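# Observations on chain architecture
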There are 2 protein chains.
Amino acid sequence: MEKVKIALLGFGNVGQGVWKILNTNKREIMINCGYEVEVGKILVRDKNKPRAVEVPDSIVTTDINDILSDKDIKIVVELMGGSEPSKEYILSSLKAKKHVVTANKLLLATVGDELISTADAEGVQFYYEASVGGGIPVIREINESLTANKIESIVGIINGTTNYILTKMSQESMGFEEALKEAQAKGYAEADPTSDVEAYDSVYKLAIMASLAFSTKVDSSSIYREGICKIDSIDIDYAKKFGYVIKLLAIGKEIDNELELRVHPTMISKNHPIANINDSFNAIFIKGNAVGDLLLSGRGAGDLPTGSAVVGDIISIIRNKADLRSIGEIKSNLPLKKVKDFNEATSRYYIRLQVADIAGVLGEIAAVFGQYDVSILSVNQEVIDKDSVSLVFITHSAKEGNVSNSMKVIESLDHVNQIASIIRIEEF
Amino acid sequence: MEKVKIALLGFGNVGQGVWKILNTNKREIMINCGYEVEVGKILVRDKNKPRAVEVPDSIVTTDINDILSDKDIKIVVELMGGSEPSKEYILSSLKAKKHVVTANKLLLATVGDELISTADAEGVQFYYEASVGGGIPVIREINESLTANKIESIVGIINGTTNYILTKMSQESMGFEEALKEAQAKGYAEADPTSDVEAYDSVYKLAIMASLAFSTKVDSSSIYREGICKIDSIDIDYAKKFGYVIKLLAIGKEIDNELELRVHPTMISKNHPIANINDSFNAIFIKGNAVGDLLLSGRGAGDLPTGSAVVGDIISIIRNKADLRSIGEIKSNLPLKKVKDFNEATSRYYIRLQVADIAGVLGEIAAVFGQYDVSILSVNQEVIDKDSVSLVFITHSAKEGNVSNSMKVIESLDHVNQIASIIRIEEF
Ligand SMILES: NC(=O)c1ccc[n+]([C@@H]2O[C@H](COP(=O)([O-])OP(=O)(O)OC[C@H]3O[C@@H](n4cnc5c(N)ncnc54)[C@H](OP(=O)(O)O)[C@@H]3O)[C@@H](O)[C@H]2O)c1
Ligand SMILES: NC(=O)c1ccc[n+]([C@@H]2O[C@H](COP(=O)([O-])OP(=O)(O)OC[C@H]3O[C@@H](n4cnc5c(N)ncnc54)[C@H](OP(=O)(O)O)[C@@H]3O)[C@@H](O)[C@H]2O)c1
């Protein structure tokens, strides 16, 4: 198996997430790009810092030149954050003809232009899916899936910390300060939460999305910004009373060739799909003139979700350079997977029967379920007419085959008039 | 501007949608792929059939050879449906070294393998985003965005007709037959609705998604299938009582290298994001071991949403062949778009004030709003303590600048103690 060597600049949350994914999902990655991806070097500030993930000492460095001068390293992955030296390191990597992947929204929003045009000029690839929406593939969506559309608007919950706080305020009647403390305790908010709660983070991400969606340069200082610190529980209550939910929304619209760009707490109908995106989840709602309304939702942060986007970018870079047919070959030679016998599938069940209104029927039916290992969580009985009653069972998890066998016996019981309905109950 | 010529096989719903998009969104398409896309030929059964969209007579044909032998046609777009002659035409196009785009789920689910390997062997591209989920980019999601993941499960509402019927049954207490009739009247269900309501359509789409997500061949006859015809209003009512919603779900899971594949009506918690996907909307809920939970939702059918996916595929094909740097150049030379002055933005507003409990205050405030053209939809008044009351206004749509100017005046009124809160109300 051939290998592609990459370097990680930064080995914090996301860097370690990327490392874990490269190791855990070796097989999937190989299938999807035809290569094994190997981390050849890792740049950190402090080599002696204890880290949750262990890596060989020999690949850790504090000198960017170890990476820039290493001809074997084809892809540089910037996960340090901040503006400098990240920008300088990315530019030097591009100029050393290395492809670059980054998760750095600050850089993209402020000097994205310069980075993209440098990559173009050097003839190398530059990807940044993780910079907006963490694991949600919103950049690829705009750049590759919705290319047939004139995008009319993008509305997003693109900051997990503030969504978590607003959810707590709304669902558990917490005040802002209390909800913020809980977010900090859970690791969703940083010690200094300014960038999140004052909506700077959302502004950067909106600048990135809007520039792609509306094919123009967007200066993030032209975006109206208002954070969530002033939201009072009283307002949350009024919102509910009027049928609304308060969310921190990033809003980008194009109307008559002019852009409207703003980030602020917003009341939206409680029935809008975005109103039900809670906790630290992110969501992006896009209107295109062909596709109509499109909603994407998922984890906007965290080591693995963000790493998913970063590693996805690495794979794209390799695929763009590799021969796609060899991947086709790998895929067509994979062993077939067995489809499980449906009788072995398990599920909970809702079962509705019509039975004669006679003492002992329920006992008889319960006994049959018992014989077949189908255990009952609840029974509801309702009179239908003078002769028959409806019995509704909810089962615990049971095997399909056992349920269908038990139903055959139950159907044949004297006092059972009809098996009216069997519907599986699932949790995902 | 250089042109890429394509041919459409079929000019029904989707074919005409593609035509409309190519015309309406010429500029966006050019920006995104660097070329103008021109329809060189259209294949139909009946040249004299009246059609809603007019096209030049000279490009319409009933002979596939007109297209196969036309060296200028680089991409063939199959939108006829059915298995034959679609399959034969696709194979012949691939062998004539033309790239192919199709929306044909039946073909993909049954002979997808053969089509993909033929395209590979001929060294041409083959795309089929529209075959599952209409405008929702689920294929690209699995194939390109989630490549870093081991996908654990895919759960989808992938048939709009049945989702529409179940929504009507649940929200308007219709019976199945009545809801089906309404779906037919609205054009969501066909005269013969078997393929939708008996879930064959969902089975095909699940076969396509599962084969990609789990990297294996999936035989659609190995998928358990159960339609929605037997769902009774009584069951819908019980589901509500227990906190569930009934949806027709396509479920694919991989557990210990074995697949579980099934399509059936399912009760899921009313709080699950998928439970709130209503009417003819589709949704796909994917669990990856890195990305976590990801939800995609949008229009699963219709001329423009489906056309959005088809044209997106056409653009991808062109981009893969074109020099990406020339697109970069086009993009970097686009005129800058103006960001609208925030004072000109319009919104509805929720405004909460604390005022002295004195007759005439409300009138004074209302007069100021009137001066600034801010029209009031509703006022709520609540006593806070013996001296002050809370006034909550909901406005009609008003200009940001007018609202902020009116607030400055209102703030200065003698009996106004505090502007407690201003939150914008939006609809999307
Ligand atoms: N965390 C998320 O969920 C998330 C989500 C989306 C995007 N992002 C973006 O991903 C990037 C990384 O975030 P993170 O949360 O992983 O940050 P982090 O945990 O703070 O890690 C930063 C890493 O960069 C290294 N580093 C910083 N400055 C350096 C320098 N001058 N030279 C060498 N190494 C340096 C640090 O080295 P030491 O370990 O030696 O200190 C550390 O390993 C940021 O751009 C962030 O905005 C993060
Ligand atoms: N409709 C949707 O919303 C949707 C969504 C996703 C996927 N799809 C898929 O897209 C495809 C097309 O669907 P549609 O709704 O557009 O179908 P449609 O409205 O029935 O149109 C079919 C077109 O194909 C032409 N055609 C059929 N057989 C032909 C033959 N043997 N030779 C030449 N032309 C032939 C017809 O010609 P005449 O006009 O002369 O009869 C007609 O123009 C199907 O595979 C469908 O599953 C549709």
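Source: prediction; values computed, not measured.

Once that is clear, we can look at the site of ligand 2. Residues and elements named next belong to chain B. The immediate surroundings of ligand 2 are formed by 22 residues, with F11, V14, K49, R51 and G302 found nearest. F11 is positioned such that a nitrogen or oxygen atom in its backbone is 2.8 Å from an oxygen atom of ligand 2. Protein coverage of the free-state accessible area of ligand 2, which is 900 Å², stands at 80%. Of the residues that constitute the shell around ligand 2, the class distribution is 10 nonpolar, 7 polar and 5 charged.

Residue and element names in this part refer to chain A. Taken together, 22 residues lie around ligand 1, and F11, V14, K49, R51 and G302 are the ones closest in. The separation between an oxygen atom of ligand 1 and a polar main-chain atom of N13 is 3.0 Å. At a separation of 2.7 Å, an oxygen atom of ligand 1 approaches a polar side-chain atom of K49. Within the complex, 80% of the 900 Å² of free accessible area of ligand 1 lies under protein. Looking at the shell around ligand 1, its residues break down into 10 nonpolar, 7 polar and 5 charged.

Residues and elements named next belong to chain A. Pairing is parallel in the open sheet, where 6 strands are placed in the order β3-β2-β1-β4-β5-β6. The strands lining the two open edges of the sheet, one partner per strand, are β3 (60-61) and β6 (126-127). Here strand β2 (residues 36-43) runs beside β3; their pairing, made up of 2 bridges, is parallel. Counted as the bridge partner of I42 is V60 from β3. Contacts from helix α1 (residues 13-24) reach β1 (3-9) and β2, with the element oriented near 155° to β2.

So, about the sheet that holds strand β4 (residues 73-78) of chain B. Residues and elements named next belong to chain B. With parallel pairing, the 6 strands of this open sheet are ordered in space as β3-β2-β1-β4-β5-β6. Of all the strands in the sheet, just β3 (60-61) and β6 (126-127) have a single pairing partner and so form its edges. By the bridge criterion, 2 bridges tie strand β5 (residues 99-102) to β6 in an arrangement that is parallel. Opposite V101, over in β6, you have Y127 as the bridge partner. Helix α4 (residues 86-95) contacts β1 (3-9), β2 (36-43), β4, β5 and β6 of the sheet and is inclined by roughly 155° relative to β5.

With that settled, consider the environment of B:T24. All names here are of chain B. Locating T24 in the fold gives a position in helix α1 (residues 13-24). A C-alpha to C-alpha distance of 39 Å links T24 and D219, two positions 195 residues apart in sequence. Within the structure, the side chain of T24 is placed 2.7 Å from the backbone oxygen of K20, a separation counted as a polar contact.

Take the interface of chain A and chain B next. Contact residues are listed per partner, giving 105 residues for chain A and 105 residues for chain B. Together chain A and chain B conceal approximately 9000 Å² of surface at their shared face, both sides included; 54% is due to carbon and sulfur atoms. The interface formed by chain A and chain B contains 18 salt bridges. With a closest N to O distance of 2.8 Å, A:R262 and B:E426 form a salt bridge. No other element matches the 10 residues that strand β10 (residues 258-269) of chain A contributes to the side of chain A that touches chain B. Grouping the amino acids of the side of chain A that touches chain B by side-chain chemistry returns 48 nonpolar, 28 polar and 29 charged. Relative to strand β18 (residues 416-425) of chain B, β10(A) runs parallel, the two sharing 2 bridges. Within β18(B), the residue paired with A:M267 across the bridge is B:I425.

For the rest of this paragraph, the subject is the relation of the copies chain A and chain B. When chain A is fitted to chain B, the residual RMSD is 0.0 Å, and the transformation amounts to a turn of 180° plus an axial shift of 0.0 Å. Those values place the two copies in the arrangement expected of a two-fold rotation axis. Among all residues of chain A, the minimum C-alpha distance to the rotation axis is found for A:L296, at 2.4 Å. The residues that chain A uses at the interface reappear at the interface of chain B in 100% of cases, marking a shared surface.

Let us now look at the UniProt feature "binding site: L-homoserine" (unreviewed entry) in chain A. Residues annotated in UniProt with the feature "binding site: L-homoserine" (unreviewed entry) correspond here to A:E190. For A:E190, the location among the structural elements is in the loop between α8 (176-185) and α9 (194-197).

Turning our eyes to something else, we now look at helix α15 (residues 400-411) of chain A. Residues and elements named next belong to chain A. With 12 residues, α15 extends 16 Å from end C-alpha to end C-alpha; this agrees with the ideal 16 Å at 1.5 Å per step. The complete set of buried residues in α15 reads E400, G401, V403, S406, M407 and I410. Tucked into the core, α15 has its buried residues touching β14 (346-356), α14 (361-371), β17 (398-399) and β18 (416-425).

Quick look at the packing of aromatic side chains now. Here the structure, examined in full by the defined rule, presents 14 aromatic pairs over all chains. Pairing A:Y224 with B:F342 gives two aromatic rings, centres 3.8 Å apart and planes at 10°, and the pair type is stacked. Of this pair, A:Y224 sits in strand β8 (residues 224-225) while B:F342 sits in the loop between β13 (338-339) and β14 (346-356), each in a different chain. A:Y224 gets classed as partly exposed once you look at its relative accessible area, which sits at 23%. Between A:Y350 and B:Y238 the ring centres are 6.2 Å apart and the planes differ by 55°, which places this aromatic pair in the tilted class. Of this pair, A:Y350 sits in strand β14 while B:Y238 is found in helix α11 (residues 233-241), placing the two residues in two different chains. According to the relative accessible area criterion, A:Y350 is buried, its value standing at 0%. In this structure an aromatic cluster arises from ring pairing among A:Y238, A:F242 and B:Y350. For the cation-ring pair, B:R225 lies above B:Y200, with the distance from its terminal atom to the ring centre recorded as 4.0 Å.

Right, let's get into the domain arrangement of chain A. Often, the extent of an interface is quoted as the loss of accessible area upon association of its parts. Residues and elements named next belong to chain A. Partitioning chain A into structural domains gives domain 1 (3-134 + 304-320), domain 2 (145-299) and domain 3 (343-425). Computed from C-alpha atoms alone, the centre-to-centre distance between domain 1 and domain 2 is 28 Å. Across the contact, 12 residues belong to domain 1 and 13 residues belong to domain 2. Across the interface of domain 1 and domain 2, roughly 990 Å² is buried in total on both sides, 71% from carbon and sulfur atoms. If you sort the residues of domain 1 by the area they bury against domain 2, K105, A109 and V132 come out on top, with a joint share of 46%. For the salt bridge of D113 with K217, the shortest nitrogen-to-oxygen distance reads 3.4 Å. At the boundary of domain 1 and domain 2, one finds 2 residue pairs in polar contact (both at pLDDT 80 or more).

What counts, and where the lines are drawn
- Residues numbered from 1 in each chain as written.
- Chains lettered and ligands numbered in written order.
- Predicted model: local features only at pLDDT ≥ 70, side-chain atom pairs only at ≥ 80, totals over all residues.
- Heavy atoms only, no water.
- Near = heavy atom within 4 Å.
- Polar contact = N/O pair within 3.5 Å; in protein donor to acceptor, adjacent residues only side chain to side chain.
- Areas by Shrake-Rupley, 256 points an atom, 1.4 Å probe, with all protein chains shown as cover.
- Nonpolar A, V, L, I, M, F, W, Y, C, P; charged D, E, K, R; others polar.
- Pairing = 2+ DSSP bridges.
- Helix = DSSP H or I, 4+ residues; strand = E, 2+ residues; numbered from the N terminus.
- Contact = heavy atoms within 4.5 Å.
- Axes fitted to C-alpha atoms, helices over the stretch in contact; angles between N-to-C directions.
- Buried area = accessible area lost by both parts, 1.4 Å probe.
- Salt bridge = Lys/Arg side-chain N within 4 Å of Asp/Glu carboxyl O.
- Least-squares fit on C-alpha atoms with pLDDT ≥ 70 in both.
- UniProt positions renumbered as here; feature names shortened; annotations may be inferred.
- Expected span 1.5 Å × (residues − 1).
- Buried < 20%, exposed > 50% of the residue type's maximum accessible area, 1.4 Å probe, protein only.
- Phe/Tyr/Trp six-rings, centres within 6.5 Å; stacked < 30°, edge-to-face > 60°.
- Lys NZ or Arg CZ within 6 Å of the ring centre and 35° of its normal.
- Domains from an automatic or database assignment.

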